[in-house]
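Reading the structure
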Amino acid sequence: MDKTVSDAISAIRVLSAEGVQKANSGHPGLPLGAAPIAYAVWADNMNHCPKNPSFFNRDRFILSAGHGSMLLYSLLHLFGYGITKEDLMGFRQLRSKTPGHPEYGHTVGVETSTGPLGQGVANAVGFALAESMLAARFNKPGHEIVDHYTYCLCGDGCMMEGIEYEAASLAGTWGLGKLILIYDSNDISIEGNINIAFRDDVAKRHEAQGWQVLRVSDGEDTDAITAAIRLAKDEKNKPTLIVVRTTIGYGSPKAGSAASHGAPLGEDGVEALRKNLGWKAKPFEVPSEVRAHYAAITERLNRSEAEWNKTLKAYKAAFPEEYELFQQFRSGKLPSEEELRSLYSFDKADSTRNTSGAVLNKLAAMMPNLVGGSADLAPSNMTYLKDKGDYSKEDRTGRNLHFGVREHAMAAISNGLYLHGGFVNFCATFFVFSDYMKNAMRMSALMKLPVIYVLTHDSIGVGEDGPTHQPIEQLVGLRSVPGFKVYRPADGRETAAAYISALTGHAPTAIVCSRQKLPLYENSGENALKGGYVLCDSDKEVPDVIIIASGSEVEQAVAARAILKESGIDARVVSMPCMEVFDEQSKAYRESVLPSKVRARVAVEAGSSYSWGKYVGLDGACVTIDTFGSSAPAGQLFEIYGFTAENVAKTATKVFKSVKK
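The text that follows walks through the structure, step by step, so that each part is easy to find.

Thresholds, definitions, all that
- Residues numbered from 1 in each chain as written.
- Predicted model: local features only at pLDDT ≥ 70, side-chain atom pairs only at ≥ 80, totals over all residues.
- Heavy atoms only, no water.
- 1 Å grid on protein atoms, 1.4 Å probe; cavity = no way out; pocket = protein on both sides within 12 Å on 5 of 7 lines; lining within 4 Å.
- Points joined across faces, edges and corners; volume = space filled by probe spheres on them.
- Nonpolar A, V, L, I, M, F, W, Y, C, P; charged D, E, K, R; others polar.
- Helix = DSSP H or I, 4+ residues; strand = E, 2+ residues; numbered from the N terminus.
- Pairing = 2+ DSSP bridges.
- Axes fitted to C-alpha atoms, helices over the stretch in contact; angles between N-to-C directions.
- Buried < 20%, exposed > 50% of the residue type's maximum accessible area, 1.4 Å probe, protein only.
- Right-handed = clockwise from strand over helix to strand, strands pointing away.

1. Some details on empty space enclosed by the protein
Tallying each qualifying case throughout the model produces three cavities of 30 Å³ or more. Empty space within the largest cavity amounts to approximately 90 Å³. The class makeup of the residues in the lining of the largest cavity is six nonpolar, two polar and four charged. The space that makes up the second largest cavity amounts to roughly 50 Å³. Phe 61, Ile 62, Leu 63, Leu 72, Pro 102, Gly 109, Val 110, Glu 111, Thr 112 and Thr 114 are the residues that line the second largest cavity. Sort the elements by how many residues they give to the lining of the second largest cavity and strand 1 (residues 60-63) lands first, with three residues. Of the residues that constitute the lining of the second largest cavity, the class distribution is six nonpolar, three polar and one charged.

2. Focus: the sheet that holds strand 12 (residues 452-456)
As summarised here, the arrangement of the six strands in space is 10-9-11-12-14-13, forming an open sheet in which the pairing is parallel. Looking at strand neighbours, the two that pair on one side only are strand 10 (400-402) and strand 13 (485-487), the edges of this open sheet. The mean inter-strand angle of the sheet, taken between neighbouring strand axes irrespective of direction, is 20°. Bridge count between strand 12 and strand 14 (residues 509-512): four bridges; the pairing is parallel. What sits directly across from Leu 455, in strand 14, is Val 512.

3. Describing the pairing of strand 14
Burial of strand 14 is two-sided: the residues Thr 509 and Ile 511 facing one way and the residues Ala 510 and Val 512 facing the other way are all buried. For the handedness criterion, the β-α-β arrangement of strand 13, helix 20 (residues 492-504) and strand 14 is classed as right-handed.

4. Comments concerning the pairing of strand 11 (residues 424-430)
Of all the seven residues making up strand 11, seven are buried; the element is thus mostly covered by neighbouring parts of the structure. Here five bridges tie strand 9 (residues 370-374) to strand 11, and the two strands are oriented parallel to one another. Bridge pairing in strand 11 places Gly 372 opposite Phe 426. With five bridges joining them, strand 11 and strand 12 adopt parallel strand pairing. Paired with Phe 426 across the bridge in strand 12 is Ile 452. Chirality of the crossover, the property in question, places the unit of strand 11, helix 18 (residues 434-447) and strand 12 among those that are right-handed.

In structure tokens form, the structure reads like this:
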């Protein structure tokens, strides 16, 4: 290896180890072992533009093994992305640009937040999926304006995670030829050699899943790594896995051991590393000749955007209408206010899964950049986009994505698809199976990605399928995620509002829908954009009791109001489709809907009671369910578990009388 290249790789290693050591916290093992891989990708193969990290036609790099974040920060520093020496010295410190794991939107050059192992691989599948769809939609012979690769670096831990199996299976099925997954194979995890828990033949598995598999036996051989990457690019119809044998903690006294995985090397260890690498620069300093080497590479890389702009200019001249549409895709242009208002046009009772399907198809006609799919449940979720085609290896123009029974990968792929840019996207499954998706949904919220999650069959209303398929605690679980919106609409108009909120907001949104038919309410619709509103008001200036409900139980609340009126108790019914949005409203508005002087309150929802205490207070009551359901027809279950107008009215009467005393 050329000494200049060797020193350039040593810079990555030493800076990474010094950052971890100064923080007295972190993971030096991966950066030390994988530095040659990273150098080969970033310096010799990846098309990127440090002066404009958001350059659209750049190759994407994802560090799935996010615990090795100092590797990425060292690269960003050396390649001129604006990460300074002081940033490296502030690794893992408060308000630093270099947090413990890469954070999208926080550190320039970070394509996605990673750390939960395996999810970065699924994100990468989403990136590659987006590239393939845009290329199929817009590229013309001689005018390839979308032409880039997705690189993902993962480790043994990623390969153990089930989500990697799911995502790899889909990538192979879809034939994502521009996805290059590099496996830092060092046989070490936190507990020691991986053979105590993991003896899979990863290469054979990926071959069986439709991947090209290449091997590099010496992780220090950058020429061999580059040769493998070029072979990967030659394969157009399969994703490529490059298995690179590395030594964790390379160059340090802890090389090859689990001790280098997740703890600093120690001052003596760092000094030994420097000596072994022949590194004489001061801490966090880079020799001038190494700086000059990286500067020359960066200068070359920075020309990539200008070259692409020439291609784009020629495309605009040849295909002006397609160019304008491409720009709309890139900007995420939404329908007009008038078009969005047209979504409220429902005139009959229906299940909210059906009204959700109607809204989705209306939106698909308005938004050519709307894509999505289900985990093998589109006919039940009502999420199929009619006449929009099915995405596949053979037809990349289809807008319906078939994820198969792979909920976790589906959600993480959806995150990557959105992060790539160019699409508004949704994914769907039964609500109870959102448990399989939870961590990826959490990552949506952490990154503020407005991915839409359509979750149907929302309660014991699932009926005969029984408690394995009847959600109880899932509403509480999703409502507890910071920055995540959960809409549970009561009718078609509230469903439309949920979609409008999802499209116009900056957060992921779950739209939780019923299987059973629900009434259409006169006052529903745009009011639901405030999260909660007065659906049926009392006849008095101050109601005797307030009944608050969501989704299908709004029907029982409205019927209970009529029963209460016959007994002389005046009730207000508040529909609460989205607690998170309601809580964001002004104090005055919230007071107008739930006046504090009215202490007699009842919450009604076919789910856990845990969400409702802040609204009903100490004097109120909940008609909810804190046990698992049963296998029986939905109507019987609603009666058995107390979700009837009579029981709601009885509970409201009891609360009213108790408060009145």
